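# Inside the fold
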Amino acid sequence: MREYWTSLASLLGVFAFCQTILQAVFPPELRFASVKLFNRIFHCFSSYCYYDITEIDGVNTNELYNAVQLYLSSSVSITGNRLSLTRAVNSSGFTFGLANNDSIVDTFNGVNVLWEHVVTQRQAQTFSWRPLPDEKRGFTLRIKKKDKSLVLNSYLDYIMEKASDIRRKNQDRLLYTNSRGGSLDSRGHPWESVPFKHPSTFDTLAMDPQKKKEIMEDLQDFANGQSFYHKTGRAWKRGYLLYGPPGTGKSSMIAAMANYLGYDIYDLELTEVHNNSELRKLLMKTSSKSIIVIEDIDCSINLTNRNNIGNTSVSASRSYYDSELRGGGGGGGGEEGGNTITLSGLLNFTDGLWSCCGSERIFVFTTNHIEKLDPALLRSGRMDMHIFMSYCSFPALKILLKNYLGCEECELEESILKQLEEVVKVARMTPADISEVLIKNRRKKENAVEELLETLKVRADMNEKSGVVMRGENGVEEEEEEEQEKRALDSESPKEESEIEDNCKEEEEEVKVK
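One structure accompanies this document, and this report is about it. (Residues numbered from 1 in each chain as written. Predicted model: local features only at pLDDT ≥ 70, side-chain atom pairs only at ≥ 80, totals over all residues. Heavy atoms only, no water.)

### Topic: the layout of surface pockets
Any empty space left between atoms is shown by rolling a water-sized probe over those atoms. For the largest pocket, the calculated volume is near 690 Å³. In terms of lining, the largest pocket is formed by 27 residues, of which the most central are Ser164, Asp165, Arg168, Lys289 and Glu360. Breaking the lining of the largest pocket down by element, the ones donating at least two residues are helix H4 (148–170), strand S9 (174–178), helix H5 (209–223), helix H6 (226–232) and helix H7 (250–261). Ranked by residue count, the leading element in the lining of the largest pocket is H4, at six residues. Tallied by class, the residues present in the lining of the largest pocket amount to seven nonpolar, 10 polar and 10 charged. Both of domain 1 (38–170) and domain 2 (176–306 + 342–388) provide at least three residues apiece to the lining of the largest pocket. (1 Å grid on protein atoms, 1.4 Å probe; cavity = no way out; pocket = protein on both sides within 12 Å on 5 of 7 lines; lining within 4 Å. Points joined across faces, edges and corners; volume = space filled by probe spheres on them. Helix = DSSP H or I, 4+ residues; strand = E, 2+ residues; numbered from the N terminus. Nonpolar A, V, L, I, M, F, W, Y, C, P; charged D, E, K, R; others polar. Domains from an automatic or database assignment.)

### Concerning the nonpolar core
With 28 residues, the main nonpolar core has Leu241, Leu268, Leu279, Ile294 and Phe349 as its most contacted residues. For this core, the element with the highest residue contribution is helix H11 (residues 343–351), accounting for four residues. Not counting the four nearest positions on each side in its chain, Phe349 is found in contact with Leu268, Leu279, Leu283, Ile292, Ile294, Ser355 and Phe363. One finds Phe196, Leu205, Leu219 and Tyr240 within the second-largest nonpolar core, a separate group that totals 27 residues. (Core = buried A, V, L, I, M, F, W, Y, C linked by side-chain atoms within 4.5 Å. Buried < 20%, exposed > 50% of the residue type's maximum accessible area, 1.4 Å probe, protein only. Contact = heavy atoms within 4.5 Å.)

### Comments concerning the sheet that holds strand S8 (residues 135–144)
The sheet built from four strands is open, its strands ordered S1-S8-S7-S6 with antiparallel pairing. Looking at which strands have only one partner, the edges of the open sheet turn out to be strand S1 (48–54) and strand S6 (103–108). Adjacent strand axes in the sheet meet at a mean angle of 25°, parallel and antiparallel pairs treated alike. Where S1 and S8 come together, seven bridges link them in antiparallel fashion. By the bridge assignment, Tyr48 is partnered in S8 with Lys144. (Pairing = 2+ DSSP bridges. Axes fitted to C-alpha atoms, helices over the stretch in contact; angles between N-to-C directions.)

### Digging into a nonpolar patch on the surface
On the surface, a cluster of nonpolar side chains totalling about 570 Å² of accessible area is made up of Phe17, Ile21, Leu22, Val25, Phe26 and Leu30. It is helix H1 (residues 2–25) that provides the largest number of residues to the nonpolar patch, a total of four residues. For Leu30, the location among the structural elements is in helix H2 (residues 28–45). (Patch = residues over 30% accessible without salt bridge, like charges linked within 9 Å, V, L, I, M, F, W, Y side chains within 5 Å. Areas by Shrake-Rupley, 256 points an atom, 1.4 Å probe, with all protein chains shown as cover. Salt bridge = Lys/Arg side-chain N within 4 Å of Asp/Glu carboxyl O.)

### A closer look at the packing of aromatic side chains
Applying the stated rule across the entire model yields 15 aromatic pairs. Aromatic pair Tyr65 and Phe139: ring centres 5.0 Å apart, planes at 40°, arrangement tilted. With a gap of 74 residues between them, Tyr65 in helix H3 (residues 63–79) and Phe139 in strand S8 connect regions that are remote in the sequence. Tyr65 gets classed as buried once you look at its relative accessible area, which sits at 2%. For Phe139, a relative accessible area of 2% corresponds to the buried category. (Phe/Tyr/Trp six-rings, centres within 6.5 Å; stacked < 30°, edge-to-face > 60°.)

### Re unusual backbone geometry
Leaving glycine out, the prevailing phi sign among residues is negative, and the prevailing peptide bond configuration is trans. Positioned with a positive phi, Asn109 is a non-glycine residue whose angle comes to about 55°. Position of Asn109 relative to the elements: it lies in the loop between S6 and strand S7 (111–121). One non-glycine residue, Glu360, lies in the positive phi region at around 55°. The topology assignment puts Glu360 in the loop between H11 and strand S14 (361–367). Glu360 sits in the buried class, given a relative accessible area of 5%.

### Remarks on the packing of helix H8 (residues 276–284) against H11
Their axes nearest at 9 Å, the elements H8 and H11 cross at an angle of 15°. As judged from the angle between their axes, H8 and H11 are roughly parallel. Between H8 and H11 the crossing geometry is right-handed. Seen from H8, the contacting residues are Asn276, Leu279 and Leu283; seen from H11, they are Gly345, Leu346 and Phe349. A per-class count over the contact of H8 with H11 returns four nonpolar, two polar and no charged. (Parallel < 35°, antiparallel > 145°, perpendicular 65-115°, else oblique. Left-handed = near helix turned anticlockwise from the far one by under 90°.)

### With respect to the sheet that holds S9
Overall, mixed pairing links the seven strands, which are arranged S10-S9-S12-S13-S14-S11-S15 in an open sheet. Every other strand in the sheet has two partners, leaving strand S10 (191–195) and strand S15 (385–388) as the edge strands with one partner each. Averaged over all pairs of adjacent strands, the angle between strand axes in this sheet comes to 20°, irrespective of strand direction. Sheet analysis places S9 next to S10, joined by five bridges and oriented antiparallel. Paired with Leu174 across the two strands is Pro195, which belongs to S10.

Distances and angles like these do not, on their own, reveal function.
Dropping the structure here:
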């Protein structure tokens, strides 16, 4: 054993002597050039190429590094053995990531790539205005040379898009409102935001299941339709008009749409917007993947249907809009010099050139009286889908019973279900009214159903005595709905409508000149 250690010591001594000779004969520059030449020869014969993605690019954060980290979290959480767990600010979910110096294989279009998370200690830093972290982090991407064009052309773009989706799903959604009087916040933004925590979903929404399915499919087609909209030359936006009696769930529908798509909501208060220019600036400051909402459009400013003015001639309509332009419309009063939004400005906001300054936006207008709206606001391209929020139907009633009482259809007696189905058609009660009855008795299911049935019967008797008769299936006033839309859409011929819109623009320009 002693001879073994003696021989090892002699060998180490010879190695140290040879190393000293090599350092004396070969200067550092020559050694560096030799290593560089060796690496080039190695890479020439290697079938792989490597790309380094560092966390900090100079003094700025590398956006691609954060995107790769988020993208790998979707697969690492399932396949990785050792993971790092984080939760970002304003995030509702946890993010898994690769641990230090760990690696994972990813597949894209049938091509395998290797990701390695490289973490090394940073050398001693000199003086810097922005101190760097002690550890140097980065990802190394290894791909085959023959797959280089595929990865660089489409794989990295796919990672950025996927990371954006993951970030949006994990991050809390926000509810924005325009600042009072058009003032700016500390960052110079005209929108103020709060976290959006509305629990409404399409599962809890009291509406006919078939109609909900149609809306969800339309929303999904819109969200996945980027290539379609670009191919057809249309702006990637869509408009929805929610109309019906108060308490039928229009605001809950908007919240369900936002939760379904994961979009932020911009609640636009028109009475706080002074003019068309300010309206365009607000639109420019909205982000993609958002829902822009104008609630009670018939009450915000005076943009009523031209047929309701009192004169049916085109000249009378023009005179009306002349006064609107000079008087500033409603919601602020011409005397106070407040709101001067015109119909032309609102039309351009929803369907003009300025509406295309962003992508993947949804415009939602709500109203209790569709017949009061101008037909120019209702046509396709501005409000593409009209959704009538009706009184509570029997399918919607079953959803409310399940949400508030936990009652399934099979748990109720057949006679009670039959009575509910018959009486709800003529009761004309909104989901909000029915919900209030159920909330008061949510601890006692039997009492809640009995009181609800009695309330529906009383309301149905009142409607029958007053001569109100319901027609159509599921309690939907089909004839009334069709008449409302027909009155709104057929109020003016297309030629007269375009003439009046042109007149609005001319008068607006005259006001600006003055």
